[in-house]
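Residue-level structure breakdown
What follows is each chain in one-letter form.
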Amino acid sequence: MRTYLVTGGAGFIGSNYIQYMFQKYHNDIHIINIDALTYAGNLENLKDVANRENYTFIKADICDREAISAIFAKYDIDRVVHFAAESHVDRSIKNPEVFVQTNVLGTLVMLNCAKAAWETEDGFQAGKKFLHVSTDEVYGSLEKEDEYFYETTPYDPHSPYSASKASSDMIVKSYIDTFKFPANITNCSNNYGPYQFPEKLIPLIINNTLQGKKLPVYGDGKNVRDWLYVEDHAKAIDMVQELGTIGQTYNIGGHNEKQNIEIIHIIIDTIHDMLSDSDPRKAHVNTDLITYVADRKGHDRRYAIAPDKIKAEIGWQPETMFAEGIRKTIKWYFEHEDWMKNVTSGDYQKYYEEMYR
Ligand code: NAD
Ligand code: DAU
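We now turn to the structure provided with this report. (Residues numbered from 1 in each chain as written. Chains lettered and ligands numbered in written order. Predicted model: local features only at pLDDT ≥ 70, side-chain atom pairs only at ≥ 80, totals over all residues. Heavy atoms only, no water.)

Let us now look at the overall build of the protein chain. Of regular secondary structure, the protein chain possesses twelve helices and 15 strands. Its C-alpha radius of gyration of 20 Å places the protein chain within 12% of the 21 Å reference for a compact globule of 357 residues. Taking the principal axes of the C-alpha coordinates as reference, the protein chain spans close to 70 × 50 × 40 Å. Here the protein chain holds 357 residues, and the buried ones make up 57% of them. As displayed, the protein chain offers around 15,700 Å² of accessible surface, 49% of which is attributable to carbon and sulfur atoms. A gap of 1 Å separates the mean positions of the 38 positive and 52 negative side-chain charges of the protein chain. (Helix = DSSP H or I, 4+ residues; strand = E, 2+ residues; numbered from the N terminus. Rg over C-alpha atoms; globule rule 2.2 N^0.38 Å. Buried < 20%, exposed > 50% of the residue type's maximum accessible area, 1.4 Å probe, protein only. Areas by Shrake-Rupley, 256 points an atom, 1.4 Å probe, with all protein chains shown as cover. Lys, Arg positive; Asp, Glu negative; His and termini not counted. Charge placed at Lys NZ, Arg CZ, Asp CG, Glu CD.)

Here we take up the sheet that holds strand E4 (residues 79-82). With respect to topology, seven strands assemble into an open sheet ordered E3-E2-E1-E4-E7-E8-E13, the strand pairing being parallel. Of all strands in the sheet, those bounded by a partner on one side alone are strand E3 (55-59) and strand E13 (249-252). Direction aside, the axes of adjacent strands within the sheet are offset by 20° on average. Together, strand E7 (129-135) and strand E8 (183-188) form the strand contacts of helix H5 (residues 160-179), whose direction differs from that of E7 by roughly 155°. In the packing of helix H7 (residues 230-243) onto the sheet, the strands contacted are strand E1 (2-7), E4, E7, E8 and E13, and the crossing angle to E7 comes to about 140°. (Pairing = 2+ DSSP bridges. Axes fitted to C-alpha atoms, helices over the stretch in contact; angles between N-to-C directions. Contact = heavy atoms within 4.5 Å.)

Turning our attention to the environment of Ala-323. Relative to the assigned elements, Ala-323 resides in helix H10 (residues 322-335). As a C-alpha pair, Ala-323 and Ile-266 span 57 residues in sequence and 8.6 Å in three-dimensional space.

Moving on to unusual backbone geometry. At His-26, a residue that is not glycine, the phi angle is positive and equals roughly 50°. Here His-26 is to be found in the loop between helix H1 (12-25) and strand E2 (29-35). Positive phi is not limited to glycine here, since Lys-180 has a value of about 60°. Within the secondary structure layout, Lys-180 lies in the loop between H5 and E8.

Now for the pattern of salt bridges. Evaluated as defined, the whole model comprises 20 salt bridges. The salt bridge involving Glu-242 is made with Arg-2; its shortest N-O contact spans 3.3 Å. Of this pair, Glu-242 sits in helix H7 while Arg-2 is found in strand E1, placing the two residues 240 residues apart along the sequence. What makes Arg-2 partly exposed here is its relative accessible area of 29%. Here Arg-91 and Glu-199 are joined by a salt bridge, their closest N and O atoms 2.7 Å apart. With Arg-91 in helix H3 (residues 89-94) and Glu-199 in the loop between strand E9 (191-192) and helix H6 (201-211), the pair connects residues that are 108 residues apart, well separated along the chain. A relative accessible area of 14% places Glu-199 in the buried class. One network of salt bridges, with partners in common, ties together Arg-2, Arg-79 and Glu-242. (Salt bridge = Lys/Arg side-chain N within 4 Å of Asp/Glu carboxyl O.)

We now examine the site of ligand 2. Taken together, 22 residues sit near ligand 2, with Asp-136, Tyr-161, Asn-190, Arg-296 and His-299 positioned nearest. Note that an oxygen atom of ligand 2 is positioned 2.7 Å from one of the side-chain N or O atoms of Asn-190. At 2.9 Å from a nitrogen atom of ligand 2 is found a main-chain nitrogen or oxygen belonging to Pro-216. Compared with its free state, where it exposes 690 Å², ligand 2 has 94% of that area covered by protein. Of the residues forming the shell around ligand 2, the biggest block, three residues, is contributed by strand E10 (residues 215-218). (Near = heavy atom within 4 Å. Polar contact = N/O pair within 3.5 Å; in protein donor to acceptor, adjacent residues only side chain to side chain.)

Below is the structure:
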């Protein structure tokens, strides 16, 4: 049985990935999820898998070298999938230190512990693989409409978040080049889907629309992001790890560029369409909620991934059309009002104490 060490598995993408992997591999894999349970980590996301015999949760900080090396000593880890990070750009503008700490130094701890556990006299144990999950934001901002991010695009990060992710990518790359460390890097565009923390645009707009609260649009609302349904990202990560060439970087994107204001209109229209006429919330679901607010500092104008390499070499391409993905996402938030209540009230942080006391 192959053993995975997933970091940050209680977050948005990590929890979707773990669920995807159990749906795909059932009892053929063991997943160890290590997560520090910051404000973004929520074990409720994993309650459907929590009692599986082939799932282990360990509360640990990736910066804690002793804790991480003890996990490598206890388990024979075959795959590392490294999601754990501080992930929100606005927070990085207010408080950059923790981004450098977790994203840069935490990644270094993960690399050193995996390297120490897997190293042999003449290289690394066969079959061991480390995947570093990164972002398209490392490439900076596109100004012209016909420009795209390729794996060869020079790094040009602007926010403290993207600078910390770029630094972590460089460190992984240095381990690949210096030690022939068996790693891949993936750089993905904006994800959306179930379990996303409502500080990010899509869940924030869904939640506020349902509650009749203002919908804050930064700047002129014309910044462009390339949206990918989170399950498609989970599938891409698995395919890169199994089919990709060791040492290579793969860009992952949705072929789905939209201005923020378009996203907001789509969400309002879809929610309006999905609510029954007798639902009292329907009355306030309209564009009057849209409110233009001060722009994000250093706001990148446009991201757009060219996922040509992953398609040509691995056969992955995005499967979920945005119209379908956003309906599935909104339906999930309709059906998980308690999840949203717990998250917005902070109650989810008590879940760990109750579950694991
Ligand atoms: P998230 O903020 O939802 O989850 C991050 C998880 O990491 C949380 O569970 C948190 O508790 C955990 N964590 C944070 N600091 C930790 C530490 N020191 N030790 C252990 N665990 C810690 O993030 P996400 O949106 O799921 O993103 C996951 C990864 O994917 C990140 O590396 C991010 O840079 C990358 N990424 C995200 C997107 C996106 O659109 N969300 C797109 C591309 C790449
Ligand atoms: O591109 C990948 C990145 O996507 C990931 O690496 C990050 O972890 C992830 O958070 C995301 O970063 P963004 O900054 O693009 O996502 P966010 O949801 O914060 O914002 C999306 C766009 O919407 C961005 O142009 C800012 C704008 N926005 C955001 C919020 C929260 C608003 O206009 N209003 C808002 O209230």
